[in-house]
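As a plain string of letters, each chain reads:
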Amino acid sequence: MSVVDHPVPAGSRPAATDVGQPSDEASLPRTMVPSRPGARPPMQRRQISGVRREDVLAFAGAAASALATTALLWTQLAPFTGVFGYIVVSWLLFVLIYALLVAFDSSRPTVRDRIASAIVHSLAFVVLVALVLVVVYTVIKGWDALGHVNFYTQDMHSTTPRDPLTKGGVLYAMVGTLIEVGIAMAVAVPLGLLAAVFLNEVPGRLNRLVRTVVDAMTALPDIVAGLFIYATLILIFHLQLSGLAAACALAVTVVSIICRAAYVVLRLVPGGLTEASYALGSGHWRTVWHVTLPTARSGLATAVILGAARAIGETSPVLLTAGATFYFNFNPVNGPMMSLPLAAYTLVANPEPNYIARGFGSAVVLLLLVLVLFGIARMIGGQGAGQLTSRQLRRLMAASRRDMARYNPQAIASHNVAQASGTRATDYGGAGG
Amino acid sequence: MRTGVPSVAQSRAGAVPRKLTTRLSASDRAFRSVARAGGIVVLVLLGLVGSFLFYRASQALHKAGWSFLTTQAWNPNGGGFGIAAVIVGTILIALVAVVVAVPLSLGTSLYISEYAPRSIQRFLVSIVDLMAAVPSVVFGLWGAFLVQWHIVSLSRWIHDWLGWIPLFKVDGVTSHDPQPTATAYTSSTFIAGIVVALMITPIASSIMREAFSQAPPGEREGAYALGATRWGMIRVVVLPFGAGAMIGGTMLGLGRALGETIAVVMIISPVFVIQPHLLQHGTSSISALIALQYLEATPFAVSALMAAGLALFGLTLVVNIIAAVIVSRSRSGAVSEA
């Protein structure tokens, strides 16, 4: 209390002469605690978050009023129609009325804050709704086709446009997708990762050139990659429209993406780790193999899986190079091969509702595939480079302890003794791995 | 006798810096050559794509000359061909997409980084990333079968009230036409742009969110301490900090929008005249041109398509380079993948 109420700097205290000697209390000046009229009530903590009653009332009132006004406009006053316009107009009215209501009891910065908050929330909501709509609408339209077992077990070669949904399926497109993406990834993943390691580990003029070209080629539109394969393999080398050509087109599309993503991940490996490895005497190759790559493992896996998801979803390169068919084809070098995105694209081009349902059905299967891959990528790529889960950490510690026992059995004994007595033993961390 | 510190002159006399040499072991040499080979293969592969594109395109360009940039029609087998119409269509679709996507992605990224409860932040980030992974054919289906018919009423409304702006004019339909033909507004630049906008929103939004969430906490707290509201804090701290990423993310989205194929093909109906009327039926884009024309193309027509593809590639390349420069300047560290 006294500290707060005497904002007098220490140096300017009244002279100490008064304190030492006994003197007349009435005549000499002395410090006094100033009395205040009425004690201050106990301080209450200000609530800075949470919802006040006024906020809820203003929100609900504005919403109700906006909806009612728009309904009045739509049904009675103006010749407006359409659900979409109704939503837009009531939203605008809502923001206006909400601002007005808040302005009754708040300052102008608060009003602005509330308007901005309303706008940001609505925009995020719109994006979320759009995503949900994309997924839900596709599932609903494809539901009829998805409900039949034959959709997953047959191809379409004997299915005429008027056949019911109990005939014909898209298994051939699933197989085609797996074959094409498998070949494409078999080419693109080693190449992309190797090039990323090269970009990260071997400096030089060539390095800069490769990096520039890889960066530039990530801008290559996928249709142009497809056109390239079409113009070379098919028109010049007279390869058929086939799964192999489609796989090449996909590989060209994703190799730069995988390389770029893997390079970014490798660059995040802490320099301390690699330098520690060099300091322990391991060479370049050992450092890359035992330190850099394992540290970046989860990030690299994410890069590869997201590349695969991209390759599965690509339609335009496949459109130019694979050729549409309604038959099973397990041979990638001979004859056209269907894939899921291409199936969706070609099936909905037919006006028959059953074909459209099958097209949406294959889009759902495609979406599921991408979702699964994405989920796996999320699970693996949860941590950054060098961060370990507790299980990985335990395993690493166990390995380290085994190494220690192997190198120096006495050390581990003394380590245990030291731990028991509460002091710290010399740390013989395993340098191997 | 006493120990002395040797003077600098003494120690430097005759001292030559030790030469450091590294002799690589056999395994290291092998590793380097394998890595280099990988780099070279990728370089050759991608270089081949680029140079072949140049080579084939140059055949068509040589024949067409400068008229390639000014001709609107596309008849490579006889008569002229040029990209004037398709490139205008491409750019208009991409611009509509960006105009719609920027507020959406800004709102989403601000919501995720500033407004959303901490517990669902990670979930929302996953959702947005997942949206980026949705195949474009799915967006195309959605746009062609669902959105198109709902946007038509919006198109009509814009045309009715803002039709006097040349951009929103629709030939053949007067404003407030009581019985307009519904197809007058379908397959337009506007609808294609909106669908593409939803495809590029997650890309732009994830770059913006990353920058916003890195805004220095000290400055945030400072703004709050000075009595700022949340929006006040965002306006003076978060937005200026993320300005570079906002522009860069938008440009990356633009690059993606320019190259988008399937969703656009499924929505538009191609016309080969410059179509500046956003709401009117029919437009075109370079990627749609390639996807629709390659099958009937003679070898020379393929060259012409290659030239169009090259123009598109050049456009996206420039946009991506500018985006990469802006994004990497706006924050130190890794440039996000496109």
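Residues numbered from 1 in each chain as written. Chains lettered and ligands numbered in written order. Predicted model: local features only at pLDDT ≥ 70, side-chain atom pairs only at ≥ 80, totals over all residues.

(A) Expanded view of the overall build of chain B. In terms of regular secondary structure, chain B is built from 13 helices and zero strands. Over its C-alpha atoms, taken along the principal directions, chain B stretches across nearly 115 × 65 × 35 Å. Relative to its full complement of 338 residues, chain B shows a buried share of 48%. Nonlocal contacts in chain B, meaning residues at least 24 apart in sequence, comprise 77% of its contacts between residues at least 6 apart. (Helix = DSSP H or I, 4+ residues; strand = E, 2+ residues; numbered from the N terminus. Buried ≥ 20, exposed ≤ 12 C-beta atoms within 10 Å, placed from the backbone. Contact = placed C-beta atoms within 7 Å.)

(B) How the structure looks around the overall build of chain A. Along chain A, the regular secondary structure elements total 17 helices and zero strands. Here chain A holds 433 residues, and the buried ones make up 37% of them. Pairs at least 24 residues apart make up 70% of the contacts formed inside chain A by residues separated by at least 6 positions.

(C) The confidence of the model for chain B, seen in detail. All names here are of chain B. Confidence in the prediction of chain B, expressed as mean pLDDT, is 83, and 90% of residues score 70 or more. Mean pLDDT values for the elements of chain B range from 55 in helix H1 (residues 8-12) up to 93 in helix H4 (residues 84-115). For residues 332-338, every residue scores under 50 in pLDDT, and the model assigns this stretch 16 contacts once sequence neighbours within four places are set aside. The ipTM, which scores confidence in the relative placement of chains, is 0.83 for this predicted complex, and the corresponding pTM is 0.79. (pLDDT = per-residue confidence, 0-100.)

(D) Representation of the interface of chain A and chain B in the model. Between chain A and chain B, the residue contacts involve 83 residues of the former and 74 residues of the latter. Element by element, the count of residues in the side of chain A that touches chain B is highest for helix H5 (residues 108-146) of chain A, at 19 residues. Residues that form the side of chain A that touches chain B fall into these classes: 60 nonpolar, 14 polar and nine charged. (Nonpolar A, V, L, I, M, F, W, Y, C, P; charged D, E, K, R; others polar.)

(E) Region of interest: unusual backbone geometry. Residue and element names in this part refer to chain A. Phi at His238 takes a positive value of approximately 55°, unusual for a residue other than glycine. In this structure, His238 sits in the loop between helix H8 (222-234) and helix H9 (243-267). Classification of His238 as exposed rests on a count of 7 C-beta atoms within 10 Å.

(F) Local environment of the environment of Val348(A). Counting through the fold element by element, Val348(A) comes out in the loop between helix H14 (340-347) and helix H15 (353-380). Val348(A) sits in the buried class, given 23 other C-beta atoms within 10 Å. When neighbours within four sequence positions are excluded, Val348(A) is seen to be in contact with Ile356(A), Gly359(A) and Leu141(B).

(G) Structural detail: the packing of H5(A) against helix H6 (residues 136-162) of chain B. Where H5(A) meets H6(B), the closest approach of the two axes is 10 Å, and the angle between their N-to-C directions is 75°. Here H5(A) lies roughly perpendicular to H6(B), going by the angle between them. Contacts from Val134(A), Tyr137(A), Thr138(A) and Lys141(A) in H5(A) reach Val138(B), Phe139(B), Leu141(B), Trp142(B), Phe145(B) and Leu146(B) in H6(B). Each residue belonging to the contact of H5(A) with H6(B) can be placed in one class, and the counts come to eight nonpolar, one polar and one charged. (Axes fitted to C-alpha atoms, helices over the stretch in contact; angles between N-to-C directions. Parallel < 35°, antiparallel > 145°, perpendicular 65-115°, else oblique.)

(H) Quick peek at the nonpolar core. Counting residues in each nonpolar core, the largest one holds 203 residues, and the members touching the most others are Leu227(A), Ile258(A), Ala262(A), Val195(B) and Val196(B). In terms of residue count, the dominant contributor to this core is H9(A) (19 residues). Sequence-distant contacts of Ala262(A), defined by excluding residues within four places in its chain, comprise Gly192(A), Leu193(A), Ala196(A), Leu300(A) and Ala303(A). With seven residues, the next largest nonpolar core counts Ala62(A), Ala66(A), Tyr98(A) and Leu101(A) among its residues. (Core = buried A, V, L, I, M, F, W, Y, C linked by C-beta atoms within 7 Å.)

(I) View of the confidence of the model for chain A. Residues and elements named next belong to chain A. Taken residue by residue, chain A gives an average pLDDT of 81. The fraction at 70 or more is 85%. Note on residues 1-21: pLDDT under 50 across the span, and nine contacts to partners over four residues away in sequence or across chains. Every residue in residues 423-433 is under pLDDT 50, and counting partners more than four places away or in other chains gives 18 contacts.

(J) Structural view of the environment of Trp143(A). Among the structural elements, Trp143(A) can be located in helix H5. Along the chain, Trp143(A) and Ile312(A) lie 169 residues apart, while their C-alpha atoms are 22 Å from each other.

(K) Fine view of the packing of H4(B) against helix H7 (residues 189-213) of chain B. Residues and elements named next belong to chain B. Between H4 and H7, the least distance of the axes is 5 Å, while the angle of their chain directions is 40°. With respect to H7, the element H4 is oriented oblique. Helix-helix and strand crossings are classified by hand; for H4 and H7 the assignment is right-handed. Tallied by class, the residues present in the contact of H4 with H7 amount to 19 nonpolar, 10 polar and two charged. (Left-handed = near helix turned anticlockwise from the far one by under 90°.)

(L) Molecular detail of helix H10 (residues 243-259) of chain B. Under the 1.5 Å per step criterion, the end-to-end length of H10(B) is 25 Å for 17 residues, consistent within 8% with the ideal 24 Å. For H10(B), the tally of buried residues reaches 14 of 17 residues, placing the bulk of the element in the interior. (Expected span 1.5 Å × (residues − 1).)

(M) Region of interest: H6(B). Taking 1.5 Å of rise per residue, the 27 residues of H6(B) would be expected to cover 39 Å, yet its terminal C-alpha atoms sit only 31 Å apart, more than 12% below that figure. Maximum bend of H6(B): about 55°, positioned at Val147(B). (Bend = angle between axes of the 7 residues up to and from the residue.)

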